[in-house]
Amino acid sequence: MASWTEKTQLMDGQAIRRALTRIAHEIVEKNKGTDDLVLVGIKTRGMPLAERVQARIAAFEDVQVPVGSLDITLYRDDLKQRSEQPQVLGSEIGVDVTDKTVILIDDVLYTGRTVRAALDALIDIGRPKQIQLAVLVDRGHRELPIRPDYVGKNVPTSRSEAVSVQLAEVDTDDQVIILEQTQ
């Protein structure tokens, strides 16, 4: 049975803060302000990232952009392949996304399947005017034609590696590390 060992740290807490600040500025700039924006974090780690982006936008725009969370558990295309029963956490967006620009936020973009599931879940909630994607780390290896609008860090990886985003709200510390599969 394979196990994982830490190979290298990609980002520390300060690098994560800088990347999220840059993403927040890019979101406001690309959308010419904050009108009709809604930030939606994909559970689990996308939610604290969305809240952090919201706080940064509030700091320099003095506006509270609505933020919500999206549970994609039942939209995953690998549900039948999983042996354990999925745990549904529920989506909590709190505003109607119809005719809004939704910024979907996640920690790592890999194959694109999580984002595809999130798009399906979001469309079931309402019909946004536009959906944009922000990710902290883009590691490549896409299986679907999905590309992020905002990226904290592009990191070429091999398929025998994993990217682990750790956030203080969920884990013990803020860091992004590459794990390497060992035999």
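Residues numbered from 1 in each chain as written. Predicted model: local features only at pLDDT ≥ 70, side-chain atom pairs only at ≥ 80, totals over all residues. Heavy atoms only, no water.

As named in an unreviewed UniProt entry, the protein is Bifunctional protein PyrR, taken from Tumebacillus lacus. The record in UniProt for the protein states the following under Catalytic activity (unreviewed entry): "UMP + diphosphate = 5-phospho-alpha-D-ribose 1-diphosphate + uracil". (UniProt positions renumbered as here; feature names shortened; annotations may be inferred.)

Moving on, we get to the sheet that holds strand β2 (residues 37–42). The strand order β3-β2-β4-β5-β6 describes an open sheet built from five strands, whose pairing is parallel. The open sheet is flanked by β3 (67–70) and β6 (150–154), the only strands paired with a single partner. Strand after strand, the sheet turns through a mean of 25° between neighbouring axes, direction not considered. Two elements, β2 and strand β4 (residues 101–109), share five bridges in a ladder whose sense is parallel. The residue bridging V40 from the neighbouring strand is L104, located in β4. In the packing of helix α2 (residues 46–61) onto the sheet, the strands contacted are β2, β3, β4 and β5 (130–138), and the crossing angle to β2 comes to about 150°. (Pairing = 2+ DSSP bridges. Helix = DSSP H or I, 4+ residues; strand = E, 2+ residues; numbered from the N terminus. Axes fitted to C-alpha atoms, helices over the stretch in contact; angles between N-to-C directions. Contact = heavy atoms within 4.5 Å.)

So, on to helix α3 (residues 113–125). Between its first and last C-alpha atoms α3 spans 19 Å; for 13 residues at 1.5 Å apiece the expected length is 18 Å, and the two agree. Taken residue by residue, α3 has V115, A117, A118, A121 and L122 as its buried positions. Angularly, the buried residues of α3 cover 155° about the axis, an arc narrow enough to put them on a single face. On the buried face of α3, the contacting elements are β2, β3, β4 and β5. (Expected span 1.5 Å × (residues − 1). Buried < 20%, exposed > 50% of the residue type's maximum accessible area, 1.4 Å probe, protein only. Arc of directions from axis to C-beta.)

This part takes up the nonpolar core. Counting residues in hydrophobic clusters, the biggest one holds 29 residues, and the most contacted among them are L136 and V137. At the level of elements, α1 (13–30), β2, α2, β4, β5, β7 (161–166) and β8 (175–182) are the ones that each hand at least two residues to this core. Top contributing element to this core by residue count: α1, with eight residues. The residues touching L136, leaving out its near neighbours within four places in the chain, are M11, I16, A19, L20, L49, D106, D107, G152, K153, V165 and V176. The next biggest cluster of nonpolar side chains, apart from the first, holds 19 residues, and it includes V38, V102, L133 and V151. (Core = buried A, V, L, I, M, F, W, Y, C linked by side-chain atoms within 4.5 Å.)

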